[in-house]
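Residues per chain are reported as follows:
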Amino acid sequence: MANILSGKKGIIFGALDNQSIAWKVAERCVEEGAQIVLTNAPVALRMGEVNALAEKCKAPLIAADATSLEDLENLFQKSMEHFGGKVDFVLHSIGMSVNVRKGKAYTDLNYDWMQKTFDVSAISFHKMMHAIWKLDAINEWGSILALSYIAAQRVFPDYSEMAESKALLESFARSFGYHFGTAKKVRVNTISQSPTMTTAGQGVKGFTDFFGYADKMSPLGNAPALDCANYCVALFSDLTRYVTMQNLYHDGGFSTMGMNPALVESK
Ligand SMILES: NC(=O)c1ccc[n+]([C@@H]2O[C@H](COP(=O)([O-])OP(=O)(O)OC[C@H]3O[C@@H](n4cnc5c(N)ncnc54)[C@H](O)[C@@H]3O)[C@@H](O)[C@H]2O)c1
């Protein structure tokens, strides 16, 4: 079978280390024939691990704080210069909660930190689309994707304010998806991924229990990062051109389960 992203050009946000979902997406996109640009916050690039990925993928690394519209415009401008034209796909794989990091209880959140969390984890997605829109940086039938989590719909107490961040993120996908679809035939979706062992994931309190619970509840088990990357590739490809404004569960069936006997101790 031919490579399904052959000839496509994309920008991948959020590869920090080789556990990152975005890291796997970058590798899979390149294996499927795409050319990519990698980006992350300046502080993340200084950690240096992503250099190895850039080398492997033959991809330029362009720093951008995703909360800065100026950085984002610079990123899209430079990427278009690099590619000699517009991009075909963009992945937003960014999340961070200040209140979670600092161990603040949900009933006693710091609102300055909450603003920062929303800015980094959700408003950055709107800003990213704003920059793409303003610079007319994406080709017709392009695909914009962000990663979400089911705490946007259901209560997972330890996920704290990230739940509201994800609800906002998913809503931005729908609202901007309308504008991008109507004006530019570009699709915008979110993938709601299983718990995954990454830096961001493991920052959530009790993550190992949480991971094990979801794994048992899901008939197929938790979806691994590599499979998430494969789903992203499918959504960047021309095989999914009419899928837009959706939150798509990639979770081994977790979101549809009520009770799983595997979780009942007496069984
Ligand atoms: N790991 C999980 O269990 C899980 C489950 C569902 C969804 N997700 C989502 O997947 C996405 C990727 O997370 P991950 O699990 O691969 O963890 P990760 O820690 O590897 O990735 C998070 C990325 O966000 C980047 N980032 C933080 N602040 C930024 C800023 N201001 N500007 C630009 N980039 C910034 C970090 O540098 C990092 O690369 C996130 O949206 C996360 O919420 C993760």
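Residues numbered from 1 in each chain as written. Predicted model: local features only at pLDDT ≥ 70, side-chain atom pairs only at ≥ 80, totals over all residues.

Chemist: Tell me about the site of the ligand, and name the residues and values.
Modeler: For the ligand, the set of nearby residues contains 26 residues, the closest of which are Ser20, Gly95, Thr198, Ala200 and Gly201. Here the residues of the shell around the ligand are counted per class, giving 13 nonpolar, twelve polar and one charged. (Near = placed C-beta within 6 Å. Nonpolar A, V, L, I, M, F, W, Y, C, P; charged D, E, K, R; others polar.)

Chemist: Run through the packing of helix α4 (residues 69–83) against helix α6 (residues 111–135), naming residues and quoting values.
Modeler: Two elements in contact, α4 and α6, have axes separated by 9 Å at closest approach and are oriented at 50°. Considered as vectors, α4 and α6 are oriented oblique to each other. The way α4 lies across α6 gives a crossing that is right-handed. Residue-level inspection shows Leu69, Leu72, Glu73, Phe76 and Gln77 of α4 in contact with α6, the latter providing Lys127, Met128, His130, Ala131, Ile132 and Leu135. A per-class count over the contact of α4 with α6 returns seven nonpolar, two polar and two charged. (Axes fitted to C-alpha atoms, helices over the stretch in contact; angles between N-to-C directions. Helix = DSSP H or I, 4+ residues; strand = E, 2+ residues; numbered from the N terminus. Parallel < 35°, antiparallel > 145°, perpendicular 65-115°, else oblique. Left-handed = near helix turned anticlockwise from the far one by under 90°. Contact = placed C-beta atoms within 7 Å.)

Chemist: An account of the nonpolar core is needed here, citing residue identities and associated values.
Modeler: With 62 residues, the main nonpolar core has Ile12, Ala26, Ile36 and Cys232 as its most contacted residues. Among all residues touching Cys232, those that are not within four sequence positions of it are Val25, Leu91, Leu145 and Ile191. Met162, Ala214, Met217 and Phe254 belong to the second-largest nonpolar core, a separate cluster that totals eleven residues. (Core = buried A, V, L, I, M, F, W, Y, C linked by C-beta atoms within 7 Å. Buried ≥ 20, exposed ≤ 12 C-beta atoms within 10 Å, placed from the backbone.)

Chemist: Lay out unusual backbone geometry with the relevant residues and their values.
Modeler: In this model, Lys58 sits at a positive phi of 50°, which is unusual for a non-glycine residue. Positionally, Lys58 belongs in the loop between α3 (50–57) and β3 (61–63). Within the chain, Met245 stands out as a residue other than glycine whose phi angle is a positive 60°. Within the fold, Met245 resides in the loop between α10 (225–236) and β7 (247–250). The exposure class assigned to Met245 is partly exposed, which follows from the 17 C-beta atoms found within 10 Å.

Chemist: So, helix α1 (residues 21–31): which residues are in play, and what are the values?
Modeler: Note: α-helices contain 3.6 residues per turn, so residues at a spacing of three or four share the same orientation. Where burial is concerned, most of α1 is hidden: nine out of the eleven residues are buried. Residues of α1 that are buried: Ile21, Ala22, Trp23, Lys24, Val25, Ala26, Arg28, Cys29 and Val30. Positive backbone phi, at 100°, marks Gly33, one or two positions downstream of α1.

Chemist: Describe the pairing of strand β1 (residues 9–13), with residues and values.
Modeler: Most of β1 is tucked away, with five of its five residues classed as buried. Here β1 shows two buried faces, one formed by Lys9, Ile11 and Phe13 and the other by Gly10 and Ile12. Strand direction decides the pairing type here: β1 and strand β2 (residues 35–40), joined by five bridges, are parallel. Paired with Gly10 across the bridge in β2 is Ile36. (Pairing = 2+ DSSP bridges.)

Chemist: Let's hear about the environment of Val50: which residues, and what values?
Modeler: By the element assignment, Val50 lies in helix α3. The exposure class of Val50 is buried, given the 24 C-beta atoms found within 10 Å. With 173 residues separating them in the primary sequence, Val50 and Ala223 have C-alpha atoms 24 Å apart. Those residues in contact with Val50 that sit more than four places away from it in its chain are Ala15, Leu16, Leu38, Asn40, Leu45 and Leu61.

Chemist: Break down the environment of Ala200 for me, with residues and values.
Modeler: Examined against the element boundaries, Ala200 turns out to sit in helix α8 (residues 199–202). Residue classification places Ala200 among the buried residues on the basis of 23 C-beta atoms within 10 Å. Expressed as a C-alpha distance, the spacing of Ala200 and Met96, which sit 104 residues apart in the sequence, is 6.8 Å. Discounting residues that sit within four places of it in the chain, Ala200 has contacts with Gly95 and Met96.

Chemist: Talk me through the sheet that holds β1; I want residue IDs and the actual numbers.
Modeler: Reading across from one edge, β3-β2-β1-β4-β5-β6-β7 is the order of the seven strands in this open sheet, with parallel pairing throughout. Two strands lie at the open edges of the sheet, namely β3 and β7, each paired on one side alone. Averaged over all adjacent pairs, the angle separating strand axes in this sheet is 20°, with direction ignored. As paired elements, strand β6 (residues 187–193) and β7 share four bridges and run parallel to each other. Among the inter-strand pairings, Gln193 is bridged to a residue of β7, identified as His250. Lying over the sheet, α4 contacts β1, β2, β3 and β4 (87–92), oriented at roughly 155° with respect to β2. Against the sheet, α6 engages β4 and β5 (138–148), with an angle of about 165° to β4.

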